[in-house]
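A closer look at the structure
The residues making up each chain are set out below.
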Amino acid sequence: MSDALLEAEELLEQLPAAVSRRTLGERLGKALVELRNSDRQVERMKDSLKIAELIKFGGPHHQREVLTDMVDCALSVGEDLEKARDAEALRKAVFEYTTDLNQSIAALERSIREHWRAVVAERFQPLLGLGDLLASMNVPNELGQRLKSCAQKGQASVNAGSTKDLRTSIEQLLEEYDDLQDERKEEIGEDEVGDFINALADKRATLAMVTSKVREWLEDHDALDRLGITTR
C-alpha cells in the first residue's frame with residue numbers, strides 16, 4: 001500500500017473523532033452565546049432567595065414548592081453543564097438552562113411578588129390610617145406623616161421593575177418600618193389612649209379597651225368614623 005493510501009486510511013480512522021470535536025466546538029460556541037446572561041440569572045436567583053428570607057416566604061406548601069423547584073433546577077442545570085462531554089449532552093444542558101431554569105426563576109419571582117403584595121396590604125397599608133390619626137395628635141417629629149410616607153412607599157414597591165430593585169426596596173422599607181414602629185410606641189405613651197392606639201396598630205385592640213377616656217379622645221380627634229376593630 002502506498003504512503004498516500006496509508007495516510008488516507010489513518011485520516012479516515014481519525015475523521016469521526018475530528019468531526020465530533022468540531023461538532024462539540026461548534027456547540028460550545030453556541031452555548032457560550034446562550035449562556036452569556038448567566039451572571040444576570042445568578043443575580044436574579046440570589047436576589048429572590050434573599051427576598052424570600054426577608055419576607056418569610058416559603059411557609060405555605062405552594063410557596064415551598066416553587067422555591068424548591070427553582071433551587072433543584074439550578075443545581076441540576078449546573079451539574080449537567082459541568083458534566084457535558086459531547087455536543088448532544090451540552091445541547092440538552094443549555095436547553096434546560098434557557099427554558100427550564102428561566103421558567104423556574106420567573107415562577108419564583110411571580111410568587112414572591114404576590115406574597116410581598118400581601119405583606120404590604122397587611123403591614124404597610126394600615127399605616128395610612130394610623131398616620132392620619134397620629135398627625136391629628138400632633139405627635140412630635142411628624143411621625144404621622146412619616147408613617148403615611150412609609151405606607152405609600154410600601155404600596156409603590158410592588159411595582160418595582162427588577163428583582164434587584166425589589167430587594168433594595170424591601171430591605172429599606174422593612175428597616176424603616178421597624179424604626180417607625182419603635183418610635184410610635186415610645187411617643188404615644190402608656191396611658192389608656194396610648195395603650196389603645198398601640199394595640200390598634202398591633203391589631204390586638206378590643207372593644208373593652210375603648211374606655212370613656214379613649215372614646216372622648218377619639219371623638220375630639222374625629223377618629224370614630226375612621227377606625228375599625230376586626231374580630232379575632
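Details of the structure are given in the entry above.
All of the points below concern the structure found in this document. The shown structure was predicted, so the numbers you read here are calculated from the model rather than taken from an experiment. (Residues numbered from 1 in each chain as written. Predicted model: local features only at pLDDT ≥ 70, side-chain atom pairs only at ≥ 80, totals over all residues. Heavy atoms only, no water.)

Before going further, it helps to spend a moment on the packing of aromatic side chains. Under the counting rule described, the total for this entry stands at 2 aromatic pairs. On the basis of an interplanar angle of 50 degrees and a centroid distance of 5.1 Å, the ring pair of Phe124 and Tyr177 is categorised as tilted. In this pair, Phe124 sits in helix α4 (residues 87-124) while Tyr177 sits in helix α7 (residues 163-188), placing the two residues 53 residues apart along the sequence. Of the two residues examined, Phe124 and Tyr177, each falls in the buried class. Three or more aromatic residues joined by ring pairs make a cluster, and in this case those are Trp116, Phe124 and Tyr177. Sitting above the plane of the Tyr177 ring, Arg123 keeps its charged end 4.5 Å from the centroid. (Phe/Tyr/Trp six-rings, centres within 6.5 Å; stacked < 30°, edge-to-face > 60°. Helix = DSSP H or I, 4+ residues; strand = E, 2+ residues; numbered from the N terminus. Buried < 20%, exposed > 50% of the residue type's maximum accessible area, 1.4 Å probe, protein only. Lys NZ or Arg CZ within 6 Å of the ring centre and 35° of its normal.)

Given a rise of 1.5 Å per residue, 17 residues ought to cover 24 Å, and the 24 Å separating the end C-alpha atoms of helix α2 (residues 38-54) matches this to within 8%. Within α2, burial applies to Gln41, Arg44, Met45, Asp47, Ser48, Ile51 and Ala52. Buried residues of α2 fall within an arc of 165 degrees about the axis and therefore sit on the same side. Exposed residues lying more than 90 degrees from the buried face of α2 are Asp39 and Glu53. Elements that come into contact with the buried residues of α2 comprise α3 (61-83), α4 and α7. Following α2 by one or two positions, Lys56 has its phi on the positive side, about 55 degrees. (Expected span 1.5 Å × (residues − 1). Arc of directions from axis to C-beta. Contact = heavy atoms within 4.5 Å.)

Take a nonpolar patch on the surface next. Together, Leu49, Val71 and Leu75 make up a nonpolar patch on the protein surface, roughly 240 Å² of accessible area in all. Here Leu49 lies in helix α2. For Leu49, a relative accessible area of 38% translates into the label partly exposed. (Patch = residues over 30% accessible without salt bridge, like charges linked within 9 Å, V, L, I, M, F, W, Y side chains within 5 Å. Areas by Shrake-Rupley, 256 points an atom, 1.4 Å probe, with all protein chains shown as cover. Salt bridge = Lys/Arg side-chain N within 4 Å of Asp/Glu carboxyl O.)

You can see His221 is positioned in the segment after α9 (212-220). By relative accessible area, which is 21% here, His221 ends up partly exposed.

Together, Glu175, Asp178, Asp179, Asp182 and Glu186 line one region of the surface with negative charge. Within the element layout of this structure, Glu186 appears in helix α7. (Lys, Arg positive; Asp, Glu negative; His and termini not counted. Charge placed at Lys NZ, Arg CZ, Asp CG, Glu CD.)

Within the fold, Thr163 resides in helix α7. We classify Thr163 as buried; its relative accessible area is 9%. Not counting the four nearest positions on each side in its chain, Thr163 is found in contact with Arg44, Asp47, Ser48, Ile51, Glu109 and Arg113.

To continue, consider the side chain of Ser111. Looking at the secondary structure, you find Ser111 in helix α4. In contact with Ser111, other than residues within four places in its own chain, are Phe57, Gln63 and Val66.

In the Ramachandran plot, Lys56 falls in the positive-phi region, its phi being about 55 degrees despite a non-glycine side chain. If you trace the backbone, Lys56 turns up in the loop between α2 and α3. At Glu142, a position not held by glycine, the phi torsion is positive, near 50 degrees. Of note, Glu142 is situated in the loop between α5 (126-136) and α6 (143-157).

One pass over the full model with this rule turns up 1 cavity of 30 Å³ or more. Here the largest cavity is characterised by a volume of approximately 40 Å³. Considering the residues around the largest cavity, the lining is formed by Ser48, Ile51, Glu109, Ile112, Arg113, Thr163 and Leu166. Top contributing element to the lining of the largest cavity by residue count: α4, with 3 residues. Grouping the constituent residues of the lining of the largest cavity by class yields 3 nonpolar, 2 polar and 2 charged. (1 Å grid on protein atoms, 1.4 Å probe; cavity = no way out; pocket = protein on both sides within 12 Å on 5 of 7 lines; lining within 4 Å. Points joined across faces, edges and corners; volume = space filled by probe spheres on them. Nonpolar A, V, L, I, M, F, W, Y, C, P; charged D, E, K, R; others polar.)

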